[in-house]
Each structure stands twice: as structure tokens, then as C-alpha cells.
Protein chains: 2
Amino acid sequence: MLKGHQTWVFESKPVIIASAAVGCAFEAQGAIAEDFDCLHEDIWLGQESFEKAEKKLLEEACETAINKAKMKKEDVQFFISGDLMNQITSSSFAARTLGIPFLGIFGACSSSMEGLALASLLVDSKAAEYVVTGASSHNVAAEKQFRYPTEYGGQKPPTAQWTVTGAGAALVAQNGKGPRVTSATIGRVVDMGISDPFNMGSAMAPAAVDTIEAHFRDLGINPSYYDLIATGDLASVGHKIAGDLLAKHGLEIPREIFTDCGLLIYKKDQPVMAGGSGCACSATVTYGHFLNRMRKGELKRILVVATGALLSPLSYQQKESIPCIAHAVSIEI
Amino acid sequence: MLKGHQTWVFESKPVIIASAAVGCAFEAQGAIAEDFDCLHEDIWLGQESFEKAEKKLLEEACETAINKAKMKKEDVQFFISGDLMNQITSSSFAARTLGIPFLGIFGACSSSMEGLALASLLVDSKAAEYVVTGASSHNVAAEKQFRYPTEYGGQKPPTAQWTVTGAGAALVAQNGKGPRVTSATIGRVVDMGISDPFNMGSAMAPAAVDTIEAHFRDLGINPSYYDLIATGDLASVGHKIAGDLLAKHGLEIPREIFTDCGLLIYKKDQPVMAGGSGCACSATVTYGHFLNRMRKGELKRILVVATGALLSPLSYQQKESIPCIAHAVSIEI
């Protein structure tokens, strides 16, 4: 199971028998709108707070994935989820609604792949037959918590990113049809001293590089093994840094297979500065767009390297730099 | 591996080859001070913030456990940790210091046993040879974040609890000498409508009962299987409720084997209201006191049911009730 220092090889190749992505109006105007199962016009989702709206998005993603597999919540043994809210309340409150035994995780925007890695481990080791894993974020809830309330209208630098309002979920099983999870590389925390919460992509790039290098070293394979290698939400600034760093370290990834979820989700004319971010960025792009492309036969082997900036507003106020992490999961069909 | 609905049985019985507990001056005056590896006089630990002090406590607990096993950080494949701080910064920043591939978790005060359950799963499934798992809390950092800064001097009701300043860690391995982890029951979120953050014990009691019932149902054993069954931090109010509820449901646990970490850690004359709480409560009592008693031969089979209140200050302000969870881990020697 463990290969090298930090990579799990799943011999039974757990299957993603269903997945779902939900978003809101801004995602509906985006570049991959057709890959969302549901797009809400109202960013409140009829709730009285943005935090409660985010919880609804996560519940909907999980329920949609379970429904697509024609299963009931009671058939699923575990729910693994994380989000950006303090004390991951979106996940915990969704777990209350779902009623499925719950493992809360936190890896900021890397939570999507931390969850998929753990879900696959549970299924591969026969600790579960079915696990649903999800991740969510809400643009306005995140801005309020991490930076300024959007009503304040603060200007942002071009390195800033746009938190995706949405949620993605995957239902992982021992048997069935669908893309299969073949391996996962768990990342270390890397911190190169960047402390600007408006420049997360640059802060996270070295963590992505560390995990990508570990993945190929542990498995003894080359980037050409994959049709697509996608970082989570480095966006334009961070993704370029990651590519440059990898090339400098002698691990060049061809441009045509190296992309970033934060660069794919929105259109160029949307005012998202460097690109998308948030737990829902890699979650919706992977569980919607990438898996759909795999099911259509357009992609056969992908590596998703979800990146997370593990800061808090308090650690920033206390002048700490931003510790970052990335978890990589390979999916094949 | 999976038995019943939500219990993992670890066939290889992963070994806790070393463990550590650290605390501060208030814990030094407590009832189990001799079970701590280190007790700091200064709750700042020489740091410039309480949050940074908490991170130091967690690092020290992990490093002490690794040193006790005469190992190096590089020999440990994964670090699994959680805490109460927003975005679990204590854990993430400790992961930066340790440099070990990191899985961040959040289950509030149930994080200790969520971590031990996952660490044991990784070791049992050969996804790791060595995993260090920890949990921490800091009284002043937690009060500031969840209730009022202590300088405010707010009065507390008798149902309130005292957050432990400390950290506990365990090093789990495939082989070696020490207490062994035999099973784990992952809890569901239970919410009985209590919304008072000064009455966490009552809020968490039904979650503890739900997990304890699931544990015995899944494994088909009786409470008499254990020498000791300890809830995490229900303290005097919640622990009585849990006992009453269990008896009502026909699962009476004899008083002499049923205890609570929040009732054991401090002395009766310390001003802790209903008792101790915080991630470090079950972590230090388990990884210090209980494991020491097992190593001395005083206990042979224990079940630790760590309880977590999954609220955030924001969910409380938004008039939400408190979703709670409990994870149970059985340790045998």
C-alpha cells in the first residue's frame, strides 16, 4: 500500500461510482457550466446567511452524488468532508443533515483531495463499502472571514483570486462502474515565507511542486504517464511559478497536459483576477468537469494536485507567513 | 475490517509504541500531574501569543513521543492532528515544524480519537509504518475565540468547563511493545437542540451515547468487556446525562468502570466548574494517564469515547444549535 515515503497505491482501485458539482450564478457564467449538476441563481440559496447557503451547497452535492448511484444515505458508511469556514461548520452541519458517520478534515483548499485520498484508503482497506467525500466554499462567506466583507468594496491586486461558490462530492465504492482512484500522495507543509493573503497562488506553488515531485519519485513514473496534471487553485500567478520551479528541478511537465482548476472554471472576461480558488474550485472542476471528460473517453489518466493555504485571519494578524500543503490523487479509467 | 455499520476492527492491532502528554501550571496542580511528561510554569511558553504557545505544546508532545521511541521525525510517514483554533492553525503550524506529511482533521474535542482511529487505520492497512497523531488546546486561546477574553473576567455558570492547556500525542506502529489499538467506532453528528456554549457537556452527551451504543452493537460485546470506559470531556453535568441515557436505553455501564477525562484531570478544589474540556483533555488523559496505567498493568482494556462540540462562534451567533460527535477507540494490552 505505502510506496516510497508518502504515497498510497490502492491495489483494489476504488471506483468513483458517482459524483456531483453544484455552483451558483457566477459559475453558471463560467467556462465549464455544463459540467455542473445544478447552478443556483441565488447565492443565498434562500437561506438567511451565506454560511447556511454554503452548507446547503455541500448537502446538495452529496445528496446528488448518492442519488445518481441510486443509493440511500443509509447505505453509505462514512462522510469525509472539509471546508474553509471556522471549525468547518459547513461540513459538520451537512453531516448533521446527512446522518452518516462523519470524519471532519481540514486542509483548506486541499481538502477535496485529502478527502478523496482518505475515502479511497477506507474503501481499499475494506474499512468501508461506500464513502461519500465532499468539499465546499462560498465566495462571500470566505471573503467576510478571511479578508473583507464584499459590501466594503475593497480593491484587490491582480494576484488575488476568486473563491468559488459551490461544492463537489464523490461517492467511492469497492465495486461498480466509473473512474478509479489508483494512488494518492499526501503532502508536507511547505512555507516559503509569503504572508500576503492576496497572493495565495504564489504561496501554494512550492507545496504543489513538493508533492508532485514526491508523487513521481515514490511511484517511479514520469509526467507522461498522465493525460492531464491539474493543480488545485494556483491560478495564473502560482501555476506559472509551479511550472518554472518544476522545470528548474528537472521535472518538466509538458504545457499541454499541465493545467490548474483555478484557470479552467471561469471565462477570461470574468473579473476573477488571477483565477478561481476555494475548496469548491478543485472539488467542482474534478468531480464535474474532469470526471465527465473521463467518462466521455477524452481523458484516461489524470493527477489532481489540490493545494491549500493553511493560514487563519489570526495567524495573518500575528505576522505569520502562510504554511501551504498539497495532496495529489491519481484517477484512471 | 468494517464490522457492523461504523466500526473498524484492526486485525493487526497497531501498537502505540510511545506517547506523550504536556501541560501547563494549572495541569501541574491537577489530579494526574505525574502522568505529564512536561509541565510548563508559563502559559505563554515564552511565545508572543497564546496561539503560538499552543503550537509549541503540540510540537513538544509529538517530538517527545518520537524521542521516547528513539526515532527521528524522518522515520515517521504521517502526522495526523487537529485542534480548536480556526483553520486548525496549531496543527498546521506544528506540521510545518515537524516536516512530516500531514493530514489535518477537525472534530473539535473528538479530534484526539479521530486521529488515533485514522492513525491505526493507516498502520493496519499498511498505508504507513509509523504515524504520529496529536491534539492540543490552550485555555486562554480557546476562551478568546469561543467566548470572552479571560481578561474580561466574565462570570461562568456551573455547567461551564475549563479548557485544558496542553497537548497529547501517540506514535502508532505496525510492530513493537505497548498498548494496542483494537477497534474504532466513528460517530454520527447528533444535535438535540442545545445552543448554550456554556453547557457543552449536556450538548455532547447524546453523541457519546449514540457512539457507545453503536460500538457495542457493531462488535456484539458488552460493557463488561472493558476495565474502563471513558468519555472525553462531558464533565459532571454531561457525564451524568450520558449515564442516565444509556441506562434508559438498556445499556447500563457499571459506575466503577464509567468515567470521563474531564472529571479526572483536575482536583475537586480547582475552579473548573463542571470539569475539564478541550482537545487536550482526552488527549492528555489518554496518552498520559490511561496509557501509563495500562503499562503498569492496572488496566487491560479501555474504551475512550472522545466527544466534540462542532459549533463555531459564528454558528452560535446565527442561533444554530450545537451539532456534536463522538469517536470511540478501544485500546488493549
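As the structure is a computational prediction, the values presented were derived from the model and not from experiment. (Residues numbered from 1 in each chain as written. Chains lettered and ligands numbered in written order. Predicted model: local features only at pLDDT ≥ 70, side-chain atom pairs only at ≥ 80, totals over all residues. Heavy atoms only, no water.)

Caption draft 1: Molecular detail of the overall build of chain A. Counting secondary structure elements, chain A contains 10 helices and 15 strands. For 333 residues, the compact-globule estimate of 2.2 N^0.38 gives 20 Å, and the C-alpha radius of gyration of chain A, at 18 Å, lies within 12% of that figure. Here the C-alpha coordinates of chain A stretch approximately 50 × 50 × 35 Å along the principal axes. Taking all 333 residues of chain A together, the buried fraction comes to 67%. When contacts within chain A are restricted to residue pairs at least 6 apart in sequence, those whose partners lie at least 24 apart make up 78%. Per element, the accessible surface of chain A, about 11,100 Å² overall, is 50% carbon and sulfur. Positive and negative charge centroids in chain A, built from 29 and 36 side chains respectively, lie 4 Å apart. (Helix = DSSP H or I, 4+ residues; strand = E, 2+ residues; numbered from the N terminus. Rg over C-alpha atoms; globule rule 2.2 N^0.38 Å. Buried < 20%, exposed > 50% of the residue type's maximum accessible area, 1.4 Å probe, protein only. Contact = heavy atoms within 4.5 Å. Areas by Shrake-Rupley, 256 points an atom, 1.4 Å probe, with all protein chains shown as cover. Lys, Arg positive; Asp, Glu negative; His and termini not counted. Charge placed at Lys NZ, Arg CZ, Asp CG, Glu CD.)

Caption draft 2: Fine view of the side chain of S19 of chain B. Residues and elements named next belong to chain B. When you line up the elements, S19 lands in strand 3 (residues 15-24). Among the polar contacts made by the side chain of S19, one reaches the main-chain carbonyl oxygen of Y287 at a distance of 2.7 Å. At 2.8 Å, the side chain of S19 and the side chain of R295 are in polar contact. (Polar contact = N/O pair within 3.5 Å; in protein donor to acceptor, adjacent residues only side chain to side chain.)

Caption draft 3: Structural view of the pattern of salt bridges. For the structure on display, the rule yields 28 salt bridges over all chains. When the shortest N-O distance is used, the salt bridge between D191 of chain A and R96 of chain B registers 2.4 Å. Here D191 of chain A, found in the loop between strand 10 (180-185) and helix 6 (200-219), pairs with R96 of chain B, found in helix 3 (residues 89-98), and the two come from separate chains. Where D244 of chain A meets K240 of chain A, a salt bridge forms, and the shortest distance between an N and an O atom there is 2.7 Å. Remark: K240 of chain A and D244 of chain A occur in helix 7 (residues 235-248); sequence separation between them is four residues, near one turn of the helix. (Salt bridge = Lys/Arg side-chain N within 4 Å of Asp/Glu carboxyl O.)

Caption draft 4: Structural view of the interface of chain A and chain B. In this complex, chain A contributes 57 residues to the contact, which on the side of chain B involves 57 residues. Taken together, the two surfaces of chain A and chain B that pack against each other cover about 4,500 Å², and 63% of this comes from carbon and sulfur. Interface area lost by chain A to chain B is led by Q87, R96 and F106 of chain A, which between them contribute 15%. Counting every contact that joins chain A to chain B gives six salt bridges. Between K52 of chain A and E320 of chain B there is a salt bridge, with the nearest N and O atoms lying 3.9 Å from each other. At the junction of chain A with chain B, the criterion picks out 26 residue pairs in polar contact (both at pLDDT 80 or more). Listed by contribution, the elements that provide at least two residues to the side of chain A that touches chain B are helix 2 (50-68), helix 3 (89-98), strand 6 (102-104), helix 4 (111-124), helix 5 (139-146), helix 10 (313-317) and strand 15 (324-332) of chain A. (Buried area = accessible area lost by both parts, 1.4 Å probe.)

Caption draft 5: Local environment of the relation of the copies chain A and chain B. Mapping chain A onto chain B calls for a rotation angle of 180° and an axial translation of 0.0 Å; the resulting RMSD is 0.0 Å. What the superposition gives is, in effect, a two-fold axis relating one chain to the other. No C-alpha of chain A approaches the rotation axis more nearly than that of I105 of chain A, which lies at 2.0 Å. Comparing interface residues between copies, 100% of those in chain A also lie at the interface in chain B; the contact surface is shared. (Least-squares fit on C-alpha atoms with pLDDT ≥ 70 in both.)

Caption draft 6: Seen up close, the nonpolar core. Counting 170 residues, the largest nonpolar core has W8, F79 and L122 of chain A together with W8, F79 and L122 of chain B as its most contacted members. If near-sequence neighbours (up to four positions away) are discounted, F79 of chain B is found in contact with L58, C62, S91, A94, A95, L98, I100, P101, F102, L103, V132 and G134 of chain B. (Core = buried A, V, L, I, M, F, W, Y, C linked by side-chain atoms within 4.5 Å.)

Caption draft 7: A look at the packing of aromatic side chains. Tallying each qualifying case throughout the model produces 18 aromatic pairs over all chains. Each member of the aromatic cluster is reached from another via a ring pair, and the members are W8 and F10 of chain A together with F78 of chain B. Residue placement shows R301 of chain A over the ring face of Y225 of chain A; its charged tip is 3.9 Å from the ring centre. (Phe/Tyr/Trp six-rings, centres within 6.5 Å; stacked < 30°, edge-to-face > 60°. Lys NZ or Arg CZ within 6 Å of the ring centre and 35° of its normal.)

Caption draft 8: Looking closely at the domain arrangement of chain A. All names here are of chain A. In terms of domains, chain A is made up of domain 1 (2-173) and domain 2 (180-332). Each partner contributes to the interface: domain 1 provides 64 residues, whereas domain 2 provides 62 residues. When the buried area of domain 1 at its contact with domain 2 is split by residue, Q6, M113 and Q161 rank highest and sum to 15% of it. Here domain 1 is connected to domain 2 by 31 residue pairs in polar contact (both at pLDDT 80 or more). (Domains from an automatic or database assignment.)

Caption draft 9: Main features of the packing of helix 2 of chain A against helix 3 of chain A. All names here are of chain A. Interhelical geometry of helix 2 versus helix 3 gives an angle of 50° and a closest axis separation of 9 Å. Taken together, the axes of helix 2 and helix 3 are oblique relative to one another. Two packed elements cross with a definite hand, and for helix 2 against helix 3 that hand is right-handed. Contacts between helix 2 and helix 3 pair E51, E54, K55, L58, E59, C62 and E63 from the former with S90, S91, F93, A94, T97 and L98 from the latter. Of the residues contributing to the contact of helix 2 with helix 3, the split by class is five nonpolar, three polar and five charged. (Axes fitted to C-alpha atoms, helices over the stretch in contact; angles between N-to-C directions. Parallel < 35°, antiparallel > 145°, perpendicular 65-115°, else oblique. Left-handed = near helix turned anticlockwise from the far one by under 90°. Nonpolar A, V, L, I, M, F, W, Y, C, P; charged D, E, K, R; others polar.)

Caption draft 10: Highlighting the confidence of the model for chain A. On average, residues of chain A score 97 in pLDDT, and 100% of them are at 70 or above. Here the predicted complex scores 0.98 on pTM and 0.98 on ipTM. (pLDDT = per-residue confidence, 0-100.)

Caption draft 11: Spatial organisation of the side chain of N139 of chain A. All names here are of chain A. For N139, the location among the structural elements is in helix 5. According to the relative accessible area criterion, N139 is buried, its value standing at 6%. With sequence-adjacent residues up to four places away left out, N139 is seen in contact with T150, W162, T163, V164 and T165.

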